[in-house]
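Structural features, examined
Below are the chains, spelled out letter by letter.
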Amino acid sequence: MSKVLSLQIADGIDIKEFKTVFKADLLHGDSDELFYQVKSHAQKFAYIFKYGIVSFLGYNEVEIMAFIQAITPYCKNPFEQHISDEFDIEVNAGRNKFGYNKIEIEGDNTDSLRLIMLNVSQSVALDHFSQQTNLLLEETTNHTQQLEKKGRLDLSGSSLKKYIGRTLNLKNRIEANLYIFDSPEETWDDEGLNRLDIGLKRTFDLQARFRTIREGLEIVKENLDLFKDLLQYRNSIVLEWIIIILILVEVINLFIEKLMK
């Protein structure tokens, strides 16, 4: 029995630089991810993704901690608390069998193991994005509740801009990493890998969870548009009052000047 453990350890990882220092057999690598097999162990793999996730198969706890310590200098905004997910793998089974936190697979080829590690990592990425989206939704709810109770929005222009920035930043990060939810090219030509990939995506409910995140961000965006319109209206009212006051001051000055003549 083997175990896959995937962890979100940072906002991003400079895999180009890390590749120059990590010594292991690179089985797959591009600008987005690196998949290694440790030379001394046939069933020991490390999978590194540029969006801040590392995945391990066959590593013990001490080795995982040492690896994270080694890769931290190449991380952007390392997390103190890691988001993680794990999955048990039983190889050389009679057929593929998917469970809640365990899978039995036919054979033990490297492509199948990599595919499992990829899907576990995708699940962790969704957990991370879901947490960020929920925080934005909670903040949105607080503002709408204030609007309901007080009839006004207790949000300054700079605060709204920061809020918009956080929302757009998260949305852009998700859009930039959409590729992580695609199936690898190997599944296109291998029917067995394709069945495994479909089964894993169903097991982790990836599509539905991703759709929930996008819907949550759309709700936040709709509220942002409303907040922006309200703030613009409030600013226009303030500007109108300023103009009225200036005109009034000018009229008073003219009146005083006439009286003094």
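Refer to the structure presented above.
This write-up is about the structure you can find in this document.

Conventions used here
- Residues numbered from 1 in each chain as written.
- Predicted model: local features only at pLDDT ≥ 70, side-chain atom pairs only at ≥ 80, totals over all residues.
- Heavy atoms only, no water.
- Helix = DSSP H or I, 4+ residues; strand = E, 2+ residues; numbered from the N terminus.
- Expected span 1.5 Å × (residues − 1).
- Polar contact = N/O pair within 3.5 Å; in protein donor to acceptor, adjacent residues only side chain to side chain.
- Buried < 20%, exposed > 50% of the residue type's maximum accessible area, 1.4 Å probe, protein only.
- Pairing = 2+ DSSP bridges.
- Core = buried A, V, L, I, M, F, W, Y, C linked by side-chain atoms within 4.5 Å.
- Contact = heavy atoms within 4.5 Å.
- Axes fitted to C-alpha atoms, helices over the stretch in contact; angles between N-to-C directions.
- Parallel < 35°, antiparallel > 145°, perpendicular 65-115°, else oblique.
- Left-handed = near helix turned anticlockwise from the far one by under 90°.
- Nonpolar A, V, L, I, M, F, W, Y, C, P; charged D, E, K, R; others polar.

Structural notes on helix 3 (residues 110-150)
The terminal C-alpha atoms of helix 3, which comprises 41 residues, lie 60 Å apart, in line with the 60 Å expected from a rise of 1.5 Å per residue. Of the residues that open helix 3, the one with a side-chain oxygen 3.2 Å from the backbone nitrogen of D111 is N109. G151 sits one or two residues past helix 3 and shows a positive phi near 75°.

Considering the pairing of strand 1 (residues 2-13)
A large share of strand 1 lies buried, amounting to nine of its 12 residues. Looking at chain direction, strand 1 and strand 6 (residues 75-90) are connected through 10 bridges and run antiparallel. Its bridge partner being in strand 6, L5 is matched across the sheet by E86. In this structure, strand 1 lies alongside strand 5 (residues 53-57), joined through five bridges in antiparallel fashion.

Re unusual backbone geometry
The phi torsion at N77 lies on the positive side, around 55°, for a residue other than glycine. Here N77 lies in strand 6.

Considerations on the nonpolar core
With 39 residues, the main nonpolar core has I89, I103, I116 and L200 as its most contacted residues. Only strand 4 (45-49), strand 5, strand 6, helix 3, helix 4 (157-176), helix 6 (191-204) and helix 7 (206-260) provide two or more residues apiece to this core. The biggest single contributor to this core is helix 3, with 11 residues. When sequence neighbours within four positions are dropped, the list of residues in contact with L200 reads F87, F98, I103, L115, I116 and N119. Counting 22 residues, the second largest nonpolar core, distinct from the first, contains A10, A24, V54 and F56.

Points about the packing of helix 3 against helix 6
Close contact between helix 3 and helix 6 brings their axes to 10 Å; oriented N to C, the two are set at 25°. Taken together, helix 3 and helix 6 sit at an angle that is classed as roughly parallel. Taken as a pair, helix 3 and helix 6 cross one another with a handedness that is right-handed. Residues D111, S112, L115, I116, N119, V120, Q122 and S123 of helix 3 pack against L193, L196, D197, L200, K201 and F204 of helix 6. When grouped by side-chain class, the residues that make up the contact of helix 3 with helix 6 number seven nonpolar, four polar and three charged.

Purely spatial values, then, with no claim about function.
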